[in-house]
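So you can see what is in the structure, the chains are spelled out below.
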6 protein chains.
Amino acid sequence: MFYHSKELQFNARVSRADPRFARILLEQFGGPNGELKAAMQYFTQAFSCRHPYPDKYDMLMDIATEEFSHLEIVGATIQMLLGNTASQLKETAEAAEISTLLEGTAAKEQYMHEAMFNPQFCNESGGGPTVSDSNGNPWTAAYINANGDLTVDLRSNMAAEGRAKIVYEYLLKFTDDRYVKDTLRFLMTREVAHFQMFEAALDTIQPNFPPGVRQSDPRYSNKYFNMSKGEKSEGPWNKGTSTKLNEEWEYINDPGTYVNKSDGLTQLGDYNTAADQDGLDELERSLSEIRSAEMSVTSPEEYDQWCRYGNRDAP
Amino acid sequence: MFYHSKELQFNARVSRADPRFARILLEQFGGPNGELKAAMQYFTQAFSCRHPYPDKYDMLMDIATEEFSHLEIVGATIQMLLGNTASQLKETAEAAEISTLLEGTAAKEQYMHEAMFNPQFCNESGGGPTVSDSNGNPWTAAYINANGDLTVDLRSNMAAEGRAKIVYEYLLKFTDDRYVKDTLRFLMTREVAHFQMFEAALDTIQPNFPPGVRQSDPRYSNKYFNMSKGEKSEGPWNKGTSTKLNEEWEYINDPGTYVNKSDGLTQLGDYNTAADQDGLDELERSLSEIRSAEMSVTSPEEYDQWCRYGNRDAP
Amino acid sequence: MFYHSKELQFNARVSRADPRFARILLEQFGGPNGELKAAMQYFTQAFSCRHPYPDKYDMLMDIATEEFSHLEIVGATIQMLLGNTASQLKETAEAAEISTLLEGTAAKEQYMHEAMFNPQFCNESGGGPTVSDSNGNPWTAAYINANGDLTVDLRSNMAAEGRAKIVYEYLLKFTDDRYVKDTLRFLMTREVAHFQMFEAALDTIQPNFPPGVRQSDPRYSNKYFNMSKGEKSEGPWNKGTSTKLNEEWEYINDPGTYVNKSDGLTQLGDYNTAADQDGLDELERSLSEIRSAEMSVTSPEEYDQWCRYGNRDAP
Amino acid sequence: MFYHSKELQFNARVSRADPRFARILLEQFGGPNGELKAAMQYFTQAFSCRHPYPDKYDMLMDIATEEFSHLEIVGATIQMLLGNTASQLKETAEAAEISTLLEGTAAKEQYMHEAMFNPQFCNESGGGPTVSDSNGNPWTAAYINANGDLTVDLRSNMAAEGRAKIVYEYLLKFTDDRYVKDTLRFLMTREVAHFQMFEAALDTIQPNFPPGVRQSDPRYSNKYFNMSKGEKSEGPWNKGTSTKLNEEWEYINDPGTYVNKSDGLTQLGDYNTAADQDGLDELERSLSEIRSAEMSVTSPEEYDQWCRYGNRDAP
Amino acid sequence: MFYHSKELQFNARVSRADPRFARILLEQFGGPNGELKAAMQYFTQAFSCRHPYPDKYDMLMDIATEEFSHLEIVGATIQMLLGNTASQLKETAEAAEISTLLEGTAAKEQYMHEAMFNPQFCNESGGGPTVSDSNGNPWTAAYINANGDLTVDLRSNMAAEGRAKIVYEYLLKFTDDRYVKDTLRFLMTREVAHFQMFEAALDTIQPNFPPGVRQSDPRYSNKYFNMSKGEKSEGPWNKGTSTKLNEEWEYINDPGTYVNKSDGLTQLGDYNTAADQDGLDELERSLSEIRSAEMSVTSPEEYDQWCRYGNRDAP
Amino acid sequence: MFYHSKELQFNARVSRADPRFARILLEQFGGPNGELKAAMQYFTQAFSCRHPYPDKYDMLMDIATEEFSHLEIVGATIQMLLGNTASQLKETAEAAEISTLLEGTAAKEQYMHEAMFNPQFCNESGGGPTVSDSNGNPWTAAYINANGDLTVDLRSNMAAEGRAKIVYEYLLKFTDDRYVKDTLRFLMTREVAHFQMFEAALDTIQPNFPPGVRQSDPRYSNKYFNMSKGEKSEGPWNKGTSTKLNEEWEYINDPGTYVNKSDGLTQLGDYNTAADQDGLDELERSLSEIRSAEMSVTSPEEYDQWCRYGNRDAP
């Protein structure tokens, strides 16, 4: 169950109305890397952790709830940045027509002009935030990544926090309002904090690579295909040992010939003798047993229940 | 700021796994009339009420927060209905291949077959809810209606609650699990309660029709155009007096001729003598002043602030 | 079957080209509360009324057809507001390059600059309307609400008319072209008229609350959950009797405690003694019989047919 | 202005309910090549033809209006194919629970099971059509092609009619209801008729290739780049003369070398001596003048008007 | 398998940064008629041609691959047009705040202002292209037409090339950078070349009209319904013989009466005596056999394989 | 520039047609974590690396090109799994009607029934792949993450590879075709390989945390807010030192009180004395200079050029 407190987590303030920045800031209200995306992503991931991993459930819901609180901070800031847009839209006197004013120079009406960069502030939302990105695309759940496996989900979250961080970094370039900057710096920093929380949580799950249960096929895990002609570059991504599996990279310089000779990579013979196929199989088998058991739900006698209500001791 | 409590608002239970109903129930998790839509709609509308209408802000945030809590109930129910899907997806032993099992008849695997009605439970979400409707369409903010005017928004909300109610009514036809039915009836009833809350709030705003500030044009507000040929029907929508403005309906039997004769409705002459144009103008003017003043934000001396932090007394 | 007459329902005129307003006006061509949404919503709802409620079918098709006619008026106005955009796009002479002209001051080319607020007027539609909102989002059927129950659909329509009305009200702020204003006022007023038609139609269906057939659960229908902390407000939405069911509102001040004590609202004991559960059950039963019978289609002997062609007397 | 007649253009009938085919048929109600797409495409294209090409405007509006009439036929057929779905959804008696019935064998309930192939027939639309394709994707204006140039738009329309035709052809495989087949054959044939209408209209515009005004660059118009290695094929698309410009195809066997030698195709020297650059320039210039003049709107003295109302002789 | 060469197919250059044109040019990167749409459309169509029509497969993959190469050209041009946007976003010094600079007049910062026409260049992509159209709508596969029948797909492609051509034509109006114009002319011309390739390929398939296998119904293929009232126009689309089937057009002046008299077009009697129904049936039958056989896949003994690897001789 | 070779990178085979698995496999053709997403993500990211980071550009284009090659493998497999769907759609003989056959038991037609799980294989694509996920949602560029900063983009890619890997892992549960499994294992393994390539590339960029240039605010980077009530959990994400910045986690047990006392976190006083604000500022300043310089494009004398054509030595 959620509760709401009328006080914001951070004391959001603005020096003056700035509808143009209100539009740009929408990116973090309803954009692909914004607060709603983060909140809904962690909230959705949490369902499958509720019983098997109560500590991760706790963390995901803490952070999800904080992101909803950040969504509120961003929305409040946009509302304040839109200033008197809402009020002006209620004026019906002829003299107040916007298009007339725009050719005038009355400074106090200037922000209406700016609001037109996003006309939906004026003709749809009536001077409040819209659940869209800064180009007006409505938020879509296509932004959410939730795949029912923590070794995947936590990595998705680290990446998501990275993206949210860089967007706040970019946004800081587009305002010189010190109060708005304070808010943006707070929000940006929290992404940095969350990143580290997710990373720490991932570290507690071992092994966590490859993500999931199935092991990779050593015939294919150590090859770098040079698919793009022209100048080539060497780096630890195609030379030396790989970061996680510690296999030696094999650089396939001419993939066409290589693929043809091996009948489409199916006839590779002895290729990666360092790999221990039996060990991999055994690892996969035992990991499968562990993970499957963790996720397993005992068939309820009478019913399955989410919370501890009544005299049941679940979950 | 939001908080979360691990206990659900309603003690959601399921008798047994039922992946097929899990799919159908998605409609209220991420569908057009589902809980996320309701929660985000009221939450978004609340921003523009924060200062001018603190009582409505309180109500909108109370109900928005309850809807987030309902979203959690629906998600928890879906997770329980999916039963061991997540666990089975972690099994890698050859014998457990699903397609093999589907040709067998082992009843305990039957639900996997049913889960395939929505393959993304299996190949994307790993056995948890997806933020989509029952056909797999990702939730979109295009479902949200928030127009910055309470006489409009509250009506949008009443309609939204009506739709949410009927979807729960339909859903009750597709399960015979008594615990799931208890949950659905609770959720369905809350829509009925919310409907009445929004209606009561609308009643406190007077006048509230026409919605907004501008008055309608009496030349056009009392006409019914008979645009569709064939059998005609009479009813209070085209005969007698109109529900709100109490004008006499004028039935235009042959719109083509009528429109041509009036130069595209621009030459209507004296048509609706009951209407008091001057009175309408005056009403519009005074309403505009009131509403515009209500929404007006006094230019902050130093800064604008959302909450009461520090020694300011806002909002 | 539809017909088209080349004359518009309203004599749409514009004083001069104004591509900027053309862009803003797109909101009512292909936006979420625009004419296409209204037309398609009523048209879609009408299918399920064809046989059971021929009078409502007649009304829905009359209004749907009028909305298609309004869509045409809006499109024609946008086309006129775009002025010579189409013609200029056909000019290939070097001197006519737009980017050059924009740095010049030739007033007659100014509107090209303005057209660039929505570049798709120039690089996609070739100087005509696009079926999108004012931010360029393509129209989507996600805007449509049609749920196969008139007590729901008519309320959706009233809300939709309210939203369309307020958008026209907002649009009136952004033009001072008297002819365009005439058109906008006509269109705005028709939304007011349609609202009242739908309301009158809803009144003829009794009972119409709760929408649909199922009755609400009296344990949950009269409670107001105070989910948001901080200053509280009282109003008829949480105090006194509810608007439709006339139950006494019960204000749950501390939902957390209340929910925990009642085992997630499942152990509420005697709570709402005013409610007559037997009466509700009986009402639901009889209503179900009536509505189900109304919608019932007799199994056709040879075939089912939509119209009265031939010697059948359907519908 | 549109009108509606209650009689369908074609006497749509069904032998029996078939919810499964209802779902598949949705493809032509709200799918990418369905009737709504066609209707809205031609309707939108028509705006820019209203004044410059009144004969094409007449044709586009005739066909658009017919497509709206076909949309109605498809919707009516879906409604009939859904049979008693709507009625059953109104039944609240416990015995009528669907999930119970599905395990029974009562033949009269079988169609409910089938309806669940598209659960939104049950939990959203209440037993009527949804404005979506057969997978439940809501219709989007992204399907519409309207580019403000008849030599382009008419080709878009010919292709659209071809696609609509093949979808009806495929649909005929999935029903053996002779009445439904009659309807599908009618609709399929009309696409064939419309294709020819658009082709005839295109033929009246000369020259119509390349589409638009600008002529192609003879350095690049006659080259075929062999971008895909492996077996090669010869055909009139890379050998002989091209269909419209009658240039000799030049087959670039090794694009990499060719491109490098020519500094990225910028140093091609004398390459296509058959082409008459001066003639092309002259053609483009004169065509630009003609087309630009056709589309040109004379600046209105008082106002621009869409129809002939009043004593103006426009359009 | 694809390969990449670092050299572009065309030597794309820009004279100077121009973020505003970068935004407009996005239309051909991620817009409905842009290069990604073309590439993915032909690539997708090619799958069903691989075995039955290897020559068409070769052509489709050649052109698809060229379109991917054009996508790269457009993206590279946008990157160059955005100039130092990326670099400036990395500057954190206070003096560099954009909103300050916008009120200044420093010419070297002017392009930042222009970049704000599409704020996502700044707050999302960090100064690179986004996979969207010029209004910021993300690319969607709804743009793709691939229907598994070459007589349809090739026509879709001709139309698509026509649209891509006109968009480039329009874009040429919005830049005076001679290097960018060179690139646009190259790309525009290639659409003209591709159009002719697809047309030539279509010509090799006979008969190719009606598209697909099923023949049209002569009762409905020769009728023109005059659905729109007002001035009428005659043209070869409603008078004379039709372009492909060479039937005489029958002009239905009053569709309402005609439809009613014929019981919804089902009682047309002898109407089109020129048509040879038996011949049509025979044609359809034989065509069905041919096309079905062409597409038929012989059931593999051991397995089906895409390429010629190993000692199989497929495809 | 891209090239295509007709041989697949991997020798994709199928034992028999299986339209049901074809549908599920669509998830990796046009789904959110599928091959098209990966290919387009890396391809788009590459543009901004072309000049500043040629080695990363090389790697991104190598992997992007390999992902396009994987997309082809998935598409080819789907085409083979659909077997004779295309051929059967061309049959017009009455006896072949699908709905008849579905009630029969002819095993050879069984797969047609299964194909109907995704009706668009039958009524749109004509028996080939559609660019959508397994629920039919068209692919959207909203899946792409490209933010113009390698410390962010490479993390997005690692997460994306993790998701793609788990989807292949899940897919392996739904087929027992050994050839299809071989293909899936190859594709799954390549995601593991790519993950490690991206990780290695990220390691070469130092510092890479926080992502981007701006440093975090030490007042907010070390706090864990306990936003969700009920049982609490401890872990390295809220106790001990943080993973990257090595700050001591501060657990805020009662955020409401904490936030109120600190005036919305603005009055925190001395809180994190370990942090060196001056050091952070200096780090940010120097990093900003480096990164800004790296991305900087020298103003071209005559023009900017993407490749090395001609006598320029760029890039």
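Note that the structure is predicted; figures quoted are calculated from it, not measured.

Parameters and conventions
- Residues numbered from 1 in each chain as written.
- Chains lettered and ligands numbered in written order.
- Predicted model: local features only at pLDDT ≥ 70, side-chain atom pairs only at ≥ 80, totals over all residues.
- Heavy atoms only, no water.
- Helix = DSSP H or I, 4+ residues; strand = E, 2+ residues; numbered from the N terminus.
- Buried < 20%, exposed > 50% of the residue type's maximum accessible area, 1.4 Å probe, protein only.
- Contact = heavy atoms within 4.5 Å.
- Areas by Shrake-Rupley, 256 points an atom, 1.4 Å probe, with all protein chains shown as cover.
- Least-squares fit on C-alpha atoms with pLDDT ≥ 70 in both.
- Buried area = accessible area lost by both parts, 1.4 Å probe.
- Salt bridge = Lys/Arg side-chain N within 4 Å of Asp/Glu carboxyl O.
- Expected span 1.5 Å × (residues − 1).
- Pairing = 2+ DSSP bridges.
- Axes fitted to C-alpha atoms, helices over the stretch in contact; angles between N-to-C directions.
- Phe/Tyr/Trp six-rings, centres within 6.5 Å; stacked < 30°, edge-to-face > 60°.
- Disulfide = S-S within 2.5 Å.
- Parallel < 35°, antiparallel > 145°, perpendicular 65-115°, else oblique.
- pLDDT = per-residue confidence, 0-100.
- Polar contact = N/O pair within 3.5 Å; in protein donor to acceptor, adjacent residues only side chain to side chain.

Visitor: Please give an account of the overall build of chain A that cites residues and values.
Guide: Scanning chain A for helices and strands turns up twelve helices and six strands. The proportion of buried residues among the 315 residues of chain A is 72%. Long-range pairs, those at least 24 residues apart, make up 77% of the contacts in chain A between residues at least 6 apart in sequence. Summing over all exposed atoms, chain A offers an accessible surface of approximately 9,100 Å²; the carbon and sulfur share of this is 47%.

Visitor: Can you explain the relation of the copies chain F and chain A? Please cite residues and give values.
Guide: You can overlay chain F on chain A at an RMSD of 0.0 Å; the transform is a turn of 180° with a shift of 0.0 Å along its axis. A rotation of that kind, with that shift, is consistent with a two-fold axis. Here 100% of the contact residues of chain F are again contact residues in chain A; the copies associate through an equivalent surface.

Visitor: A description of the interface of chain F and chain A should follow, citing residues and the corresponding values.
Guide: Taken together, the contacts link 87 residues of chain F with 87 residues of chain A. In terms of surface lost to chain A, no three residues of chain F exceed Gln196(F), Arg214(F) and Trp237(F), which account for 10% of the buried area on that side. The tally of links from chain F across to chain A stands at six salt bridges. The salt bridge partner of Arg308(A) is Glu231(F), with a shortest N-O separation of 3.8 Å.

Visitor: How would you sum up helix α10 (residues 178-203) of chain F? Please name residues and give values.
Guide: Between its first and last C-alpha atoms α10(F) spans 38 Å; for 26 residues at 1.5 Å apiece the expected length is 38 Å, and the two agree. Taken across its 26 residues, α10(F) has 22 buried, putting it largely inside the fold.

Visitor: Kindly report on the sheet that holds strand β4 (residues 228-229) of chain C, identifying the contributing residues and their values.
Guide: Spatial strand order, β4(C)-β1(A)-β1(B)-β4(F): four strands in an open sheet with mixed pairing. One side of each edge strand has no neighbouring strand; the edge strands of this open sheet are β4 of chain C together with β4 (228-229) of chain F. As paired strands, strand β1 (residues 2-5) of chain A and β4(C) are joined by two bridges and run parallel to one another. Bridge pairing in β4(C) links Ser5(A) to Lys229(C). Where helix α4 (residues 54-81) of chain B meets the sheet, it contacts β1 of chain A, β1 (2-5) of chain B together with β4 of chain C, and its direction lies at approximately 155° from that of β1(A).

Visitor: Residues and numbers for the pattern of salt bridges, please.
Guide: Applying the stated rule across the entire model yields 90 salt bridges over all chains. Where Arg190(D) meets Glu66(D), a salt bridge forms, and the shortest distance between an N and an O atom there is 2.6 Å. On the criterion of sequence distance, the pair formed by Arg190(D) in helix α10 (residues 178-203) and Glu66(D) in helix α4 (residues 54-81) is long-range, its members being 124 residues apart. Relative accessible area serves as the criterion here: at 0%, Arg190(D) is assigned to the buried category. Given the relative accessible area of 1%, Glu66(D) is considered buried. Close ionic contact of Arg285(F) with Glu282(F) constitutes a salt bridge, the shortest N to O distance being 3.2 Å. Taken together, the residues span about one helical turn, with Arg285(F) and Glu282(F) both in helix α12 (residues 277-295) at a distance of three residues. Connected through shared salt-bridge partners, Arg50(A), Arg308(A) and Glu231(F) make up one network.

Visitor: Describe in detail the pairing of β1(B), supporting the description with residues and values.
Guide: Neither face of β1(B) is left uncovered, since the one carrying Phe2(B) and His4(B) and the one carrying Tyr3(B) and Ser5(B) both have all their residues buried. Here β1(A) runs beside β1(B); their pairing, made up of three bridges, is antiparallel. If you follow His4(A) over to β1(B), its bridge partner there is Phe2(B).

Visitor: Go over helix α9 (residues 150-171) of chain D, please, and point to the residues and values.
Guide: Side chains that are three or four residues apart share a direction in an α-helix, a result of its 3.6 residues per turn. With 22 residues, α9(D) should reach 32 Å at 1.5 Å per residue; the first-to-last C-alpha distance of 31 Å fits that figure. Across the 22 residues that make up α9(D), a large majority, 22, are buried.

Visitor: Break down the packing of aromatic side chains for me, with residues and values.
Guide: A full pass over the atoms with the stated rule returns 93 aromatic pairs over all chains. With a centroid separation of 4.9 Å and an interplanar angle of 55°, the aromatic rings of Tyr42(A) and Phe198(A) are classed as tilted. One end of the pair, Tyr42(A), is in helix α3 (residues 35-46); the other, Phe198(A), is in helix α10 (residues 178-203), and 156 residues separate them in sequence. By relative accessible area, Tyr42(A) is classed as buried at 0%. Judged by relative accessible area, which is 0%, Phe198(A) ranks as buried. Measuring from centroid to centroid gives 6.0 Å for Phe47(A) and Trp306(A), while their planes differ by 50°, and the two rings are tilted. Here Phe47(A), found in the loop between α3 and α4 (54-81), pairs with Trp306(A), found in the segment after β6 (304-305); they are 259 residues apart in sequence, far enough to count as distant. By the burial criterion, Phe47(A) is buried, and Trp306(A) matches it. The rings of Phe2(A), Phe29(A), Phe43(A), Phe47(A), Phe68(A), Trp306(A), Phe2(B), Phe29(B), Phe43(B), Phe47(B), Phe68(B) and Trp306(B) are connected pair by pair, giving a single aromatic cluster.

Visitor: So what about the sheet that holds strand β4 (residues 228-229) of chain E? Which residues, and what values?
Guide: The four strands are arranged β4(B)-β1(D)-β1(C)-β4(E) in an open sheet whose pairing can be described as mixed. For this open sheet the edge positions go to β4 (228-229) of chain B together with β4 of chain E, each flanked by a neighbour on one side alone. Contacts from helix α4 (residues 54-81) of chain C reach β4 of chain B, β1 (2-5) of chain C together with β1 (2-5) of chain D, with the element oriented near 155° to β1(D). α4(D) rests against β1 of chain C, β1 of chain D together with β4 of chain E of the sheet, and its axis sits at about 155° to β1(C).

Visitor: Go over the side chain of Ser233(A) with me, naming the residues and quoting the values.
Guide: As for its placement among the helices and strands, Ser233(A) is situated in the loop between β4 (228-229) and β5 (250-252). If near-sequence neighbours (up to four positions away) are discounted, Ser233(A) is found in contact with Asn238(A), Pro54(F), Asp55(F) and Asp58(F).

Visitor: Provide a residue-level description of unusual backbone geometry, including the pertinent values.
Guide: The phi torsion of most residues other than glycine is negative, and most of the peptide bonds are trans. Looking along the chain, the bond that leaves Phe209(B) and enters Pro210(B) is cis, with omega of -10°. With respect to the secondary-structure elements, Pro210(B) resides in the loop between α10 (178-203) and β3 (223-225). In this chain, Gln206(F) is followed by Pro207(F) through a cis amide linkage whose omega measures -10°. Assignment of secondary structure puts Pro207(F) in the loop between α10 and β3 (223-225). Positive phi outside glycine occurs at Asp263(C), with the angle close to 50°. Its location among the elements puts Asp263(C) in the loop between α11 (255-261) and α12 (277-295).

Visitor: Could you give an account of the state of the cysteines, with specific residues and numbers?
Guide: The term disulfide refers to a covalent linkage connecting the sulfur atoms of a pair of cysteines. Overall, the coordinates contain zero disulfides over all chains when judged by the stated rule. In this model Cys49(D) remains outside any disulfide bridge; the closest cysteine sulfur is found in Cys307(D), 16 Å from its own.

Visitor: Quick rundown of the packing of helix α3 (residues 35-46) of chain F against helix α9 (residues 150-171) of chain F? Include the residues and the values.
Guide: Residues and elements named next belong to chain F. Between α3 and α9, the shortest axis-to-axis distance is 11 Å and the interhelical angle comes to 170°. Classed by the angle they form, the pair α3 and α9 counts as roughly antiparallel. On α9, the residues touching Glu35, Lys37, Gln41, Tyr42 and Gln45 of α3 are Asp153, Ser156, Asn157, Ala160, Glu161, Arg163 and Tyr168.

Visitor: Quick rundown of the confidence of the model for chain A? Include the residues and the values.
Guide: Residues and elements named next belong to chain A. With 88% of its residues at a pLDDT of 70 or more, chain A has an overall mean of 89. Across residues 99-108 the pLDDT falls below 50, and counting only partners more than four positions away or on other chains, this stretch makes eleven contacts in the model. Under the prediction, the complex receives an ipTM of 0.93, its pTM being 0.95.

Visitor: Would you mind going over the environment of Asp153(B) in detail, with residue names and values included?
Guide: Residue and element names in this part refer to chain B. Inspection of the secondary structure assignment puts Asp153 in helix α9 (residues 150-171). Here the alpha-carbon distance between Asp153 and Val192, two residues 39 residues apart in the chain, equals 17 Å. Here Asn147 takes part through its backbone nitrogen, which lies 2.8 Å from a polar atom of the side chain of Asp153. A distance of 3.5 Å separates a polar side-chain atom of Asp153 from the backbone nitrogen of Gly148.

Visitor: Can you lay out the environment of Asn135(C) for me, pointing to particular residues and giving the numbers?
Guide: You can see Asn135(C) is positioned in the loop between α8 (120-123) and α9 (150-171). By relative accessible area, which is 7% here, Asn135(C) ends up buried. In this structure, the C-alpha to C-alpha distance between Asn135(C) and Asp182(C), residues 47 residues apart in sequence, is 25 Å. The contacts of Asn135(C), once residues within four sequence positions are left out, are Asn118(A), Pro119(A), Gln120(A), Asn135(A), Gly136(A), Arg23(C) and Asn135(E). Side-chain polar atoms of Asn135(C) contact the side chain of Gln120(A), separated by 3.2 Å.

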